[in-house]
Amino acid sequence: MFFDILTLFPGMFEGAFSDSIIKRAVEKQLISINIRNIRDFSHDKKHNSVDDYPYGGDAGMLLRPEPITNSIKESKKSLVGCNPKVVYLTPSGERLNQNIVKSFLGEKSLILLCGRYKGVDQRVIDHYVDREISIGDYVLSGGEVPAMVLLDAITRLIPGVLGNLDSAQEDSFYGGLLSHPQYTRPEYFEDMKVPDVLLSGNHAKIRQWQQRKAMEITQQRRPDLLNEGN
Ligand code: SAM
């Protein structure tokens, strides 16, 4: 999958994508990531300004439409044939969950638009954005961290990215529940013992225990998941 990220702060992505699973996914050519600086697409060549005051007298600044639409057009040109969807990361979007993450898996390419300041001019959203995604009910300073969250969540579900895709399918939310507790060696740690059932070698019993624990934890912490069938 091709990701084209439109941002005012390309440097923020350097560390985030240069290690671990995302780095390996790029090396294996399972994903490709291109970062574009929205500032390069400003018509104001002298100051490269990208923002202006909002109509209506609200405090703060808004991203002007033209640097964003120019960068989207350039991105679409480079992804011709891939039918890229434009995703704007915004607190007003659909709240991200594992089902929404899975719904992106059929895409060949995504353009991730990171807002800053008070956000972007509504006309960009109305005419250029296919989907608006929020990573939660709080406000961050920019869309860069949300774009990293979305890219990571999608990437780990692409076949071949994780050593064992089953591992992702056992994670929280994949089957609609939170994950059951996990233990590793040593068997005893500070007088705490790994539950006997996990040492029994009885796979049917282990599976039953894991399902019961996942159900208990979900009931305690996220009963909404059981009601929504998320
Ligand atoms: N005025 C906007 C509002 O009230 O919805 C908030 C703007 S926020 C300070 C700046 C940018 O950060 C947004 O344009 C968006 O790209 C990003 N952002 C902030 N919180 C986010 C969230 N929870 N999910 C996704 N993007 C977020």
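Residues numbered from 1 in each chain as written. Predicted model: local features only at pLDDT ≥ 70, side-chain atom pairs only at ≥ 80, totals over all residues. Heavy atoms only, no water.

Asks: Could you clarify how one ought to interpret the sheet that holds strand E2 (residues 32–37) in this entry?
Replies: Two modes of strand pairing occur in sheets, parallel and antiparallel, and in both the strands are linked by backbone hydrogen bonds. Spatial ordering of the open sheet is given by E2-E1-E6-E5-E7, a layout of five strands whose pairing is parallel. Each of the sheet's edge strands pairs with one partner strand only, and the pair in question is E2 and strand E7 (131–134). Each adjacent strand pair in this sheet contributes to an overall mean axis angle of 30°, direction not counted. Bridge count for strand E5 (residues 85–95) against E7 is five bridges, and the pairing is parallel. Within E7, the residue paired with Leu89 across the bridge is Ile133. Its contacts with the sheet place helix H3 (residues 65–78) against strand E1 (2–7), E2, E5 and strand E6 (109–114), and it is angled at close to 165° to E1. (Pairing = 2+ DSSP bridges. Helix = DSSP H or I, 4+ residues; strand = E, 2+ residues; numbered from the N terminus. Axes fitted to C-alpha atoms, helices over the stretch in contact; angles between N-to-C directions. Contact = heavy atoms within 4.5 Å.)

Asks: What is the right way to read the pattern of salt bridges from this model?
Replies: For side chains bearing opposite charge, pairing can occur when the charged atoms are close. On inspection of all chains with the given rule, the structure shows 15 salt bridges. Note that Asp121 and Arg123 form a salt bridge whose closest N and O atoms lie 2.7 Å from each other. Judged by relative accessible area, Arg123 falls into the exposed class, the value being 51%. Through salt bridges with shared partners, a single ionic network connects Glu187, Lys193 and Asp196. (Salt bridge = Lys/Arg side-chain N within 4 Å of Asp/Glu carboxyl O. Buried < 20%, exposed > 50% of the residue type's maximum accessible area, 1.4 Å probe, protein only.)

Asks: Mind showing me how you'd approach the pairing of E1 here?
Replies: Walk down a regular strand and you will see the side chains alternate between the two sheet faces. The element E1 is extensively covered by neighbouring structure, given that five of its six residues are classed as buried. As paired elements, E1 and E2 share six bridges and run parallel to each other. Paired with Leu6 across the strands is Arg36, a residue of E2. The pairing of E1 with E6 spans five bridges and is parallel. Within E6, the residue paired with Asp4 across the bridge is Ile111.

Asks: Looking at this structure, I do not really get unusual backbone geometry. What am I missing?
Replies: For residues other than glycine, phi is negative in most cases, and the peptide bonds are mostly trans. Each neighbour pair has its own omega, and for Arg185 with Pro186 the value is 10°, a cis peptide bond. Residue position: Pro186 is located in the loop between helix H7 (165–169) and strand E8 (188–189). For Ser20, which is not glycine, the phi torsion reads 60° and is therefore positive. Inspection of the secondary structure assignment puts Ser20 in helix H2 (residues 20–27).

Asks: Which parts of the structure should I look at to understand the side chain of Ser134?
Replies: Tracing the sequence through the fold places Ser134 in strand E7. A polar contact is formed between the side chain of Ser134 and the backbone nitrogen of Gly136, at a distance of 3.0 Å. Excluding its chain neighbours within four sequence positions, the residues that come into contact with Ser134 are Thr90, Pro91, Gly93, Glu94, Arg95 and Leu96. (Polar contact = N/O pair within 3.5 Å; in protein donor to acceptor, adjacent residues only side chain to side chain.)

Asks: Sorry if this is basic, but what is going on with the site of the ligand here?
Replies: Around the ligand, the surrounding shell holds 21 residues, and the nearest of these are Tyr88, Leu89, Gly115, Lys118 and Tyr138. At a separation of 2.9 Å, an oxygen atom of the ligand approaches a polar backbone atom of Gly115. In this structure, an oxygen atom belonging to the ligand sits 3.4 Å away from a main-chain N or O atom of Gly142. Starting from 580 Å² of accessible surface for the ligand in isolation, the protein chains cover 83%. (Near = heavy atom within 4 Å. Areas by Shrake-Rupley, 256 points an atom, 1.4 Å probe, with all protein chains shown as cover.)

Asks: Even after reading the chapter, I still don't get the side chain of Asn37, so can you show me in this structure?
Replies: Secondary-structure assignment places Asn37 in strand E2. Side-chain polar atoms of Asn37 contact the backbone nitrogen of Arg39, separated by 2.9 Å. When residues no more than four places from it in sequence are discounted, the contact partners of Asn37 are Thr7, Leu8 and Pro10.

Asks: Where do I start with the domain arrangement of the chain in this structure?
Replies: Interface extent is often summarised as the accessible area lost during association of the parts. In terms of domains, the chain is made up of domain 1 (2–155) and domain 2 (170–228). Measuring from the centre of the C-alpha atoms in domain 1 to the corresponding centre in domain 2 gives 36 Å. (Domains from an automatic or database assignment.)

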